[in-house]
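# Chains, contacts and geometry: an overview
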Amino acid sequence: MSQSPPVSEKSANGTVADYPDAELVSHGQKIFTPVTFPSGRTAPNRLFKAALYEHFGPLNGGPPHSGHYALYGRWGKGGWGVVLTGNVQVAKDHLTLGRDMLISEQVTDDILPPWKKLAAVMKNLDSPDAGAPDKEPAAHPLAIMQLSHAGRQSINMVGGRPPNAPPLAPSAIRAGETHMKTHGWFSRWLHRTMHPVPIEMTKADIDNVRAAFVRGAELAARSGFDGVQVHAAHGYLISTFLMLKSNIRTDEYSAETDPLRFLREICFAIRASPAVPADFVVGVKINSGDYARDGSPNGSERPLAHVREIGSWGIIDFIEVSGGDYEDPTFVDSAANFKSPRQVIFEDFASKSMDILASLSAPGQRPPPLVVLTGGLTTLPRMASVLAHHHADLLGIGRLSILRPEMPNELVASLERRARGEPDDFLMQDAPKLEEDGLGRPPPSYLSVRGLERVVYYVLTLIWSVIPAEMPRIMCASVTVNWHNIMLRYIAFGRDPDYTMGTIGATFRFYLSGTPYAPPGESKSTGWTVPLVVTTVGVVLGLALGRVV
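Here is a short report on the structure shown in this document. (Residues numbered from 1 in each chain as written. Predicted model: local features only at pLDDT ≥ 70, side-chain atom pairs only at ≥ 80, totals over all residues. Heavy atoms only, no water.)

## Digging into the packing of helix 15 (residues 479–492) against helix 16 (residues 503–512)
Short version of the rule: Orientation is described by lines fitted to C-alpha atoms, with helices fitted over the stretch in contact, and by angles between N-to-C directions that extend from 0 to 180 degrees. Here a strand is any run of E in DSSP of at least two residues, a helix any run of H or I of at least four, and the numbering for each starts at the N terminus. Orientation labels follow simple angle bins: below 35 degrees gives roughly parallel, above 145 gives roughly antiparallel, 65 to 115 gives roughly perpendicular, and whatever is left gives oblique. Helix crossings are classified by the rotation of the near helix relative to the far one: an anticlockwise turn of less than a right angle makes the crossing left-handed, while a clockwise turn makes it right-handed. Whether two residues are in contact is decided by their heavy atoms, any of which lying within 4.5 Å being enough. Residues are grouped as follows: nonpolar covers Ala, Val, Leu, Ile, Met, Phe, Trp, Tyr, Cys and Pro; charged covers Asp, Glu, Lys and Arg; every other residue, Gly included, is treated as polar.
One way to put it is that helix 15 packs onto helix 16 with a least axis distance of 8 Å and a crossing angle of 70°. Looking at the two axes, helix 15 sits roughly perpendicular to helix 16. Considering the relative orientation of helix 15 and helix 16, their crossing is left-handed. On helix 16, the residues that touch Val479, Thr480, Asn482, Trp483, Asn485 and Ile486 of helix 15 are Thr503, Ala506, Thr507, Arg509, Phe510 and Tyr511. In terms of residue class, the contact of helix 15 with helix 16 is made up of six nonpolar, five polar and one charged.

## Structural notes on the nonpolar core
Operational definition: Among buried residues, those of type Ala, Val, Leu, Ile, Met, Phe, Trp, Tyr and Cys that are joined through side-chain atoms within 4.5 Å constitute a nonpolar core. Only protein chains enter the accessibility calculation, which uses a 1.4 Å probe; a residue whose area is less than 20% of its type maximum is buried, one above 50% is exposed, and one in between is partly exposed.
By size, the foremost hydrophobic cluster in this structure holds 111 residues, and its most contacted members are Leu263, Met383 and Met407. It is helix 5 (residues 203–223) that contributes the most residues to this core, nine residues altogether. Once residues lying within four places of it in the same chain are set aside, the contact partners of Leu263 are Val230, Ala232, Ile238, Val284, Ile310 and Trp313. The next biggest cluster of nonpolar side chains, apart from the first, holds 14 residues, and it includes Val35, Ala51, Val281 and Val372.

## Focus: the side chain of Asn45
The cut-off we apply is this: Any pair of N or O atoms that falls within 3.5 Å is considered a polar contact. Within protein, one atom must be able to donate a hydrogen and the other to accept it, and sequence-neighbouring residues count only if both atoms are side-chain atoms.
Along the chain, Asn45 turns up in the loop between strand 4 (42–43) and strand 5 (47–49). What makes Asn45 buried here is its relative accessible area of 5%. A polar side-chain atom of Asn45 sits 2.8 Å from the main-chain carbonyl oxygen of Gly79.

## Here's the deal with helix 15
Owing to its 3.6 residues per turn, the α-helix aligns residues three or four sequence positions apart on the same side. Under the convention used in this document: Given a helix with a known number of residues, its expected span is that number minus one, times 1.5 Å.
Here helix 15 is 14 residues long and its end C-alpha atoms lie 20 Å apart, about the 20 Å a rise of 1.5 Å per residue gives. Counting buried residues in helix 15 gives 12 out of 14 residues, a clear majority hidden from the surface. When helix 15 is considered as a whole, its buried residues turn out to be Thr480, Asn482, Trp483, His484, Asn485, Ile486, Met487, Leu488, Arg489, Tyr490, Ile491 and Ala492.

## Side note on the pattern of salt bridges
Note the following rule: Salt bridge, as used here, is a side-chain nitrogen of Lys or Arg placed within 4 Å of a carboxyl oxygen of Asp or Glu.
Tallied over the full model, the rule gives 26 salt bridges. The closest approach of N and O atoms between Asp430 and Arg382, which form a salt bridge, is 2.8 Å. Here Asp430, found in the loop between helix 12 (407–419) and helix 13 (449–465), pairs with Arg382, found in helix 10 (residues 380–388); they are 48 residues apart in sequence, far enough to count as distant. The exposure class of Asp430 is partly exposed, given its relative accessible area of 39%.

## Details of unusual backbone geometry
For Met157, which is not glycine, the phi dihedral falls at a positive 80°. Tracing the chain through its elements places Met157 in the loop between strand 8 (142–148) and strand 9 (168–169). In the Ramachandran plot, His390 falls in the positive-phi region, its phi being about 55° despite a non-glycine side chain. The residue His390 is located in the loop between helix 10 and strand 15 (394–397) in this model.

## Here's the deal with the packing of aromatic side chains
The criterion, for reference: Aromatic pairs are defined between Phe, Tyr and Trp rings, using the six-membered ring for Trp, whenever the two ring centres lie within 6.5 Å; interplanar angles under 30 degrees are classed as stacked, those over 60 as edge-to-face, and all others as tilted. Ring-over charges, as used throughout, are those where CZ of Arg or NZ of Lys falls within 6 Å of the ring centre and within 35 degrees of the ring normal.
Inspection of the entire model under this criterion finds 10 aromatic pairs. Relative to Tyr511, the ring of Phe510 lies with its centre 4.9 Å away and its plane at 90°, an arrangement referred to as edge-to-face. According to the relative accessible area criterion, Phe510 is buried, its value standing at 3%. Residue Tyr511 is classed as partly exposed on the basis of its relative accessible area of 23%. Between the NZ or CZ atom of Arg261 and the centre of the ring of Tyr253, over which it lies, the distance is 5.2 Å.

Structure below.
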């Protein structure tokens, strides 16, 4: 039997990497092997639907509703091994841009139903075929809730606080302070308006936030979730305790002497809760790229030392490796900077983390945490190579889960065709790139709503090009995030992604659209009109009082 011809994929620099088809099938099949977490729960495969910013909730946050059920229903039926929620905020006065899922201040039986419904949808337990006697039992994905506190990145006016009220942080250092020197005047003014100087947290503040994370984990456990992930990345509150650039405290929470103390206390408190079962999964999301800009002389070793310490606690089930923060716009679109098709953004860091954690393993002891690699895993050769080279235990899939919510099921069918020797090119190329002009692909007809939009946005870009001001770089870089966010709404409504919608149109919709599948009491058409008016008034008052600049 002759060997199948090799498949190839072009890298970012134009070279071609060959991956023999038989080897690709063999490595690809490992994607669908079960994996057991140290606490004892098992995921049916290694595809980990990573957290995404959803923007689906009501304006001031709230529990999940029909929009979330429709969205997560796509992933629940899609064949994923693990499905992770987006940000579930533990503090009502520290939202991101509003519209977050939000933990109530009291966890009582009467608030559990929407969360139980979400957990069931994520695990595909609400399917009409689930449990049917004539159906083969399905391997349901694990449902993990991501717990988050936005900290100093909670936006002014829409973060759940009164206008100009400062957020909490380990130290009174404004978000993005290190990058503002290179911004233009308008960008600096807008950034300062969005991000007031935070208040340094007191011991009581720290105790309250720790208790809020525990309350979130208890809600997840009581609602049927399989575990939680503590978000300690991307510049949110916990990650600012880890970083020298954002934590200049001199007490026991100092980033110099004990940077992991706050995270450690939260994780141990979750494990100690009587409401959290012993086999409940507890994971952590950390940065890898943030340390390089942290001002530490040993920046490359510091995150690995943190991985070692987290692994030594003996209570963590997985560490998700991500990188960067929203202060740095290169974080948002860094997925484009691949060295080769098989080298993804944080793979080297993840590989070193695997080695470190393996060194902690000992007979008779609890296994070390699993490693989840998230970022740039958009093709089958990349996914297969990561597992074949033992660079990670699970594959974190973000934007691809939007473009292909049923990707795992599709990939199973593709590998079966390849195993039979049939030609198949599923996931052999990256998803189509968005148009750089922000206008999207030309619509089939310019005599359409999309065609009219294209003309209007083109005129607006011409006008903006002659205005002597610039938007904050993070707002410009985040337009791609906005496009993918709007596509989340598309897949929730059962539609396919629309590449004729450009990033400009998606950004307008992101800020002005209402809640998809609006819950009772909120109109579907209620967008950001009122908040934008309130913001404008608040900025004027802030300037008048001298508190914004």
